[in-house]
Amino acid sequence: MSSTQEIRIAPAAGPGSPAGSAEAAQPLLSVRGLSVSYAPPRKGTHLGTGAALADADLDVSPGEIVGIVGETGSGKTTLARATVGLVAPAAGTIAFAGDDIGGLRGRARRDFRRSGQVQLVFQDPLRSLDPDLTVAELVREPLDIAAALSRRERDQRVVESLQLVGLDPEAVLDRRPRQLSGGQRQRVSLARAVSTRPRLLFCDEPVSALDVSNRNLVLNLLDQLRTDLDLAVVIIAHDLSSLAGIADRVAVFYRGRIVEQGPIRRVLEDPAHPYTALLTASAPSVVQEDRLRPEQLKSAADAPTWPAERGCVFAHRCPFAHDACADQPPAQTLPHDPARRAACHVAATWRDRLAPDAPHAPHAHKESA
Amino acid sequence: MSATPATPSASEEAREWSGHTLEVRDLQVSVADGLVAVRDVSFAIRRGESVGLVGESGSGKTLTCRAVLGLLPATGHVDAGRIVLGDGDDAVELTGARRSTWDRVRATRIGAVFQDPASYLNPSLTVGHQLAEQLRTKRGLSRGEAHDRAVELFAEVGLHDPAGVFHQYPHQLSGGMLQRVLIAIAVSCDPELLIADEATTALDVVIQAEILALLRRLRDTHGLSLLLVTHDLAVVAESCDRILVMYGGQVVESGPTDEVLRNPRHPYTQALMGVATIGDWGRRRLDVIPGQPPAAGAQMPGCRFAPRCALATPDCTAGPVPVVDLGAGRTSRCLLADQLGDRAGDGAGSQSGHQPGRHPGRHVAHLDDQAVPA
Ligand SMILES: Nc1ncnc2c1ncn2[C@@H]1O[C@H](COP(=O)(O)OP(=O)(O)OP(=O)(O)O)[C@@H](O)[C@H]1O
Ligand code: SF4
Ligand code: SF4
Ligand SMILES: [Mg+2]
C-alpha cells in the first residue's frame, strides 16, 4: 500500500465540530508500514507471520485524540511499546516530529525515551504506581529521569501538573496511592505523565478499571489536556461509547492489523469492516435501537477454515468471506469517504449480503448536518 | 434467547414465579473497625429471575454479594439481617452459618464468577482437571464420568474444541476463555443461584456480549437465578428482569429494569442514566456525576445522596429517609419519589423508550460546570 495516499484529518476544534475537513496538518506521529515481531521471523516465511503488528499506518496530530480499539492480543499495546522505543520494529518507520525514531538504537533510543516527549499511561494505577512513593515523588520521578530542570523548577512543575489534572496539590502531595480513590489515582498517573510536558500521550486502557462516572471524568480531563497542552493523544480502550465521546478518529485492530480507521463517528455509525460492525453490534446499550445483531455478523460454526498465512486476518470469523479473502486485502481509502480506510475486499458491498430480515444499518446522511 | 436480549420479559410468562431463590433482609455489613459499609439492604430473587445490582465503585455491591457467598474479607462482618437461600423445605439460613453449611451450599447451590478469572484457578493444574475435581468431590462422579461431563460442560459454555481445552493450563487460555471455564465450574453442580460480580468488565465488547448471552441461555436452560453485579447500566438493560440501584451502602431504587430505566424515580438513578452508555455514537459529551460518594461508614443522619443531589431540601438531611413502595414492584428511597419521573406515563404509552439526553437534566454536570474535588 502506498504511504503517500494517507489522508490527513485536521484535529477537531472542539467537542461537536465535525472532524472531516481534509486540511493538511503536520502529524506529530507518523507510523508507516510498521511491523513488530516478538519472536524473530523465521527465514523464508512471510514477514507478517507471527507478527504482533503487521503493516500498520497511523498518523496523530497535535491537539488530536485518536482512539484504538480491538480484541485482546491484537497489537494495540505493541504499537504503544514500539512508539516509546520499548521494542524495535521489524519493518516500517515511526516518525516523531519528522524524525525517524523507529531506527534509533542503543543510547540514542534511551535518550529519546528519557526525554519524556512521549509518555505512557496504563490501566491500573494501583499496579503501575509504586505504592511506597508519595504523590509528590511519583509526579516528580519522570522529571528526575529527564533531568532537564532545576530542583525548584521541578517542585513547581509537580504542583502545576497536579493542578492541571484537577487535584489540589496541598491535599494530595503527601498521600500514597492506596489513600486515593480509583479516579484520583488515575489523575495522579496523568499528572505524572504530563509533568515532562510530553507532546504525545499514549494511554493504554486508562479508564477500564473505573466506573462510568469516573471514566468520563478522566476522559474529559484528557480532552482538556490536549487543548491546554496541544497534546497529541492516543487512547486504547474497549468502551466504544466513552471513546466516541472524545476521540476524533479511531483505529480498529484485529490480529495485528489495523483493519479500519477514520473519523470516529462515521466509523461507528457506518462501519466499513465486518469486524468493526461486529464490535458496534456487540456494544451494550441502554437504548435498544434498531441495529445489527452480533449473530448477523458471525460466520456459521461450520464455516471453512482459511489459510492462516496469507488470508484476511478476519476470514476465520467473517460471514462474508469468499475466494478473494485467501489474500489479505490492503487498507484502502473508501470510495465514498476519502477520510476513511478499511482492509476488506468487499467493504462497500458486504451489507447487501446480510440476512434479509436485518434492520437497515444507520447511514452516513444522519451526521452530515 | 440471545436473539432477543432487549426483552427479558418475553419468556417471563413461561417461567415459574413460585418461591424465592434468595432473600436478603435488613442486611448490615461492616468492614475494618466497625465501619458500616452496607446498611439496611433488603431484596429477593425469584426462581429463574435475573437481577442486576448497579452502582458506583464503593457503593457496597461487592460486599453485598460476598456476604451472600460467605466470602467477606477478613475484616468484614455481617452485623445484622438475614440471608436465606431457597424456600420451603430447602431453605437455608446463611447468616452465621457454620463452615459445614457453607461447604454444602457453595458450588452445589450458589455459584460465582468474578472479574479476574485467572486468580480463581490453580495455575499448575489443567482447567479440565479443576472442573473434573469439583464434579468428583461435590457430585461423586467417577474419574471417567467426571471427564466426560467436564467436556460436555466446556462445550455448553461455548468453548471450541472442549476435549482439547480440558488438557490446557490457565495461562494457555485467553481472558474470555478463562471466564467460560469459570462459568462451567460455577454451574457444574446445578446451583440455583449464580452470582456474577463484574464478570465481563475486563473483556472486550464482543466477548462481553457473548458471555452475557451465555448467562441468559444458562438461566433459561437450567432455571438459574442470576445476580449480576456491574457498574454499567447498559449491561443490566440488556440482561436483567429487575434492577437494584445501590448508593452509599443502601439500595436506593429497585424495580423492573424496563420501567426503572424508562422512568427512574430516584435522583441517583437519573444521574446514572445520564452517564450510561446510550449507544449514540454521535454524542460528543461525557457527563459525570459531580461530587464523591460518601466514604464507607460515613455517619449521615439523612439521605446519603443529599450532598450530590440537586433536589435536596432541609428535610432530606433531617433524618433517615425510608424506602417508599411505589407499587408495581418498584421502590425508591427518596422523599420526593412521588414527584419524580412521569407517573402518568407509567406502563402506558411511551413506546419510543428512552430519549437520549432526556434524563441527564440538571443532575449531571459536564466537567466545565464543576469544580473538580481533590
Ligand atoms: N513481551 C512479549 N513477548 C512475546 N509475545 C508478546 C509479548 N507481548 C505481546 N506479545 C504477543 O503479541 C501480540 C500482540 O500483543 P499486544 O500486547 O500488543 O496486544 P493488545 O492488543 O495490547 O492486547 P490487550 O487488549 O490484551 O492488551 C499477542 O499475540 C501477544 O501474545
Ligand atoms: S476481506 Fe473477506 S474475510 Fe476479510 S473482512 Fe472482508 S469479506 Fe471478510
Ligand atoms: S431524599 Fe432528598 S436528597 Fe435524597 S435523593 Fe431524594 S431529593 Fe435528593
Ligand atoms: Mg494491551
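Note: the structure precedes this text.
Now for a quick tour of the structure. If you're wondering where the values come from, they're calculated on a predicted model, not measured in any experiment.

**What about the overall build of chain A?**
Across its full length, chain A holds 11 helices and 12 strands. Scored against the burial criterion, the 369 residues of chain A give a buried share of 57%. Across chain A, contacts joining residues at least 24 apart in sequence account for 65% of those joining residues at least 6 apart. Of the accessible surface of chain A, which amounts to about 15,500 Å², a share of 50% is contributed by carbon and sulfur atoms.

**Some points on the pattern of salt bridges**
Between side chains of opposite charge, pairing is possible as soon as their charged atoms come close. Residues and elements named next belong to chain B. The tally for this structure, following the rule as stated, stands at 36 salt bridges over all chains. Among the salt bridges present, the one from Arg242 reaches Glu49, with a minimum N-O distance of 2.8 Å. Of this pair, Arg242 sits in strand S9 (residues 242–247) while Glu49 sits in the loop between strand S2 (35–46) and strand S3 (50–54); the two residues are 193 residues apart in sequence, bridging distant segments of the chain. There is no split in this pair, since Arg242 and Glu49 are both buried.

**Things to note about the interface of chain B and chain A**
Chain B puts 46 residues into the contact, and the matching count from chain A is 55 residues. Taken together, both faces of the contact between chain B and chain A bury some 4,300 Å²; the carbon and sulfur share is 57%. Our enumeration of links across chain B and chain A arrives at 1 salt bridge. For the salt bridge of Lys298 of chain A with Glu210 of chain B, the shortest nitrogen-to-oxygen distance reads 2.9 Å. The tally of links between chain B and chain A comes to 7 residue pairs in polar contact (both at pLDDT 80 or more). Of the residues assigned to the side of chain B that touches chain A, the class counts are 24 nonpolar, 12 polar and 10 charged.

**What about the pairing of strand S1 (residues 29–36) of chain A?**
Two faces, one strand: in a regular strand the side chains alternate between the faces of the sheet. All names here are of chain A. Within S1, 7 of the 8 residues are buried, which leaves it mostly tucked inside the rest of the structure. Across 5 bridges, the pairing between S1 and strand S4 (residues 91–96) is antiparallel. Bridge assignment links Val31 to a residue of S4, and that residue is Ile94. Pairing geometry for S1 and strand S2 (residues 53–60), over 5 bridges, is antiparallel. Bridging across to S2, Val36 finds its partner in Leu53.

**Brief notes about the site of ligand 3**
Lining the immediate environment of ligand 3, one finds His266, Pro267, Cys303, Phe305, Ala306, Cys309, Ala312, Cys316, Cys334, Leu335 and Leu336 of chain B. In terms of residue class, the shell around ligand 3 is built from 10 nonpolar, 1 polar and no charged.

**As for the site of ligand 2**
What surrounds ligand 2 is the set His273, Pro274, Cys312, Ala315, Cys318, Phe320, Ala321, Cys325, Pro329, Cys344, His345 and Val346 of chain A. Here the residues of the shell around ligand 2 are counted per class, giving 10 nonpolar, 2 polar and no charged.

**Re the environment of Thr227 of chain A**
Residues and elements named next belong to chain A. By secondary structure assignment, the location of Thr227 is in helix H8 (residues 212–228). For Thr227, a relative accessible area of 57% translates into the label exposed. As a C-alpha pair, Thr227 and Pro62 span 165 residues in sequence and 9.1 Å in three-dimensional space.

**Re the pairing of strand S8 (residues 232–236) of chain A**
All names here are of chain A. When you tally the buried positions in S8, you get 5 out of 5 residues, the bulk of the element. Side chains Ala232, Val234 and Ile236 of S8 all project onto a buried face; the interleaved residues Val233 and Ile235 project onto the opposite face, where all are buried too. With 4 bridges joining them, strand S3 (residues 65–70) and S8 adopt parallel strand pairing. Bridge pairing in S8 links Ile68 to Ile236. Here strand S7 (residues 200–204) runs beside S8; their pairing, made up of 5 bridges, is parallel. Its bridge partner lying in S8, Asp204 is registered against Ile236. Crossover S7 to S8 through H8 is right-handed.

**Describing the side chain of His273 of chain A**
All names here are of chain A. Along the chain, His273 falls in the loop between helix H10 (264–269) and helix H11 (274–282). Its relative accessible area of 1% is what places His273 among the buried residues. Among residues more than four places away in sequence, those in contact with His273 are Val259, Glu260, Phe314, Ala343, Cys344 and Trp350.

Reading the values: rules and limits
Residues numbered from 1 in each chain as written. Chains lettered and ligands numbered in written order. Predicted model: local features only at pLDDT ≥ 70, side-chain atom pairs only at ≥ 80, totals over all residues. Heavy atoms only, no water. Helix = DSSP H or I, 4+ residues; strand = E, 2+ residues; numbered from the N terminus. Buried < 20%, exposed > 50% of the residue type's maximum accessible area, 1.4 Å probe, protein only. Contact = heavy atoms within 4.5 Å. Areas by Shrake-Rupley, 256 points an atom, 1.4 Å probe, with all protein chains shown as cover. Salt bridge = Lys/Arg side-chain N within 4 Å of Asp/Glu carboxyl O. Buried area = accessible area lost by both parts, 1.4 Å probe. Polar contact = N/O pair within 3.5 Å; in protein donor to acceptor, adjacent residues only side chain to side chain. Nonpolar A, V, L, I, M, F, W, Y, C, P; charged D, E, K, R; others polar. Pairing = 2+ DSSP bridges. Near = heavy atom within 4 Å. Right-handed = clockwise from strand over helix to strand, strands pointing away.

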